[in-house]
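Results of the structural survey
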Amino acid sequence: MTHARAPFGRWDPSSVTEVAAKFSGVEAPWWVAGGLAIELAVGRRIRSHGDVDVLLLRRDQLMVQQVLAGWQWWCADPPGSLRPWAPEEVLPAGVHDIWCRPGPGDPWRIQVMLDESRGQAWVSRRDSRVRRPLSTLGTFSADSIPFLVPEIQLYYKAESPRAKDEEDFDAVLPSLTDRQRRWLMDAVTKTYGSHPWTVRLRASAD
């Protein structure tokens, strides 16, 4: 199903299995992110999706151009606009969204997001105090598809939750472990202050 996302054109997102087939040969770590990561965490369909998100570390960004060779790549630079991403161009901090499509007349298929790291630690681009070992950033679905762990995905969604973010939170909350709940409560409080999700996280842990 195609989705219109003005003003940049139509989306016809690749399936998770198509994404996995494209990125399976990548030596660098990558993860399905966004709402689809939440669905992989709960193991069922939750809602429709207008795009598909793939997360890479900024240091590995040029892998995108190798994996999607022959495609068009456009980066959000500055945020809120799109421009062509030149071959071998290293995108600076602050540019963390890349839209990809097979050709100029085609709908967008994959959105790549870049996140930060220092050594073997993931560092939130929202708050450098929020970090954790890279080895704990993702896990795998029953089909061996890597995806971002739900507490990190919810941390990003917590900044300004939309209806779909609330739906994702409701769906995955019962399956979060005590450790995941504690990490999410701490990270959300540290970055955003008082938040309605922390109340529900605390209540669900009691």
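See the structure above.
Residues numbered from 1 in each chain as written. Predicted model: local features only at pLDDT ≥ 70, side-chain atom pairs only at ≥ 80, totals over all residues. Heavy atoms only, no water.

Here we take up the environment of Pro107. Along the chain, Pro107 falls in the loop between strand S7 (97-101) and strand S8 (110-118). Residue classification places Pro107 among the buried positions, given a relative accessible area of 13%. Spatially, the C-alpha atom of Pro107 lies 8.2 Å from that of Pro13, the residues being 94 residues apart in sequence. Leaving out residues up to four positions away in the same chain, Pro107 has contacts with Arg10, Trp11, Asp12, Arg101 and Pro102. (Helix = DSSP H or I, 4+ residues; strand = E, 2+ residues; numbered from the N terminus. Buried < 20%, exposed > 50% of the residue type's maximum accessible area, 1.4 Å probe, protein only. Contact = heavy atoms within 4.5 Å.)

Bringing the packing of helix H2 (residues 34-42) against helix H4 (residues 150-157) into the picture now. Pairs of packed helices are described in terms of their axes, by the angle between the two and the distance that separates them. For the pair H2 and H4, interaxial distance at closest approach is 10 Å and the crossing angle is 145°. Viewed along their axes, H2 and H4 form a crossing whose handedness is left-handed. Counted together, Gly34, Gly35, Ile38 and Ala41 of H2 and Pro150, Gln153, Leu154 and Lys157 of H4 form the full contact between these two elements. Residue composition of the contact of H2 with H4, grouped by class: 4 nonpolar, 3 polar and 1 charged. (Axes fitted to C-alpha atoms, helices over the stretch in contact; angles between N-to-C directions. Left-handed = near helix turned anticlockwise from the far one by under 90°. Nonpolar A, V, L, I, M, F, W, Y, C, P; charged D, E, K, R; others polar.)

Pairing is possible between side chains of opposite charge, provided their charged atoms come close. Scanning all chains against the criterion turns up 15 salt bridges. The partner of Asp168 in a salt bridge is Arg47, and the shortest N-O contact between them spans 2.8 Å. Within this pair, whereas Asp168 is found in helix H5 (residues 163-172), its partner Arg47 is found in the loop between H2 and strand S4 (53-57), the two being separated by 121 residues in sequence. Note on Asp168: relative accessible area 0%, which makes it buried. One salt-bridge network, held together by shared partners, links Arg47, Lys157, Arg162, Asp165 and Asp168. (Salt bridge = Lys/Arg side-chain N within 4 Å of Asp/Glu carboxyl O.)

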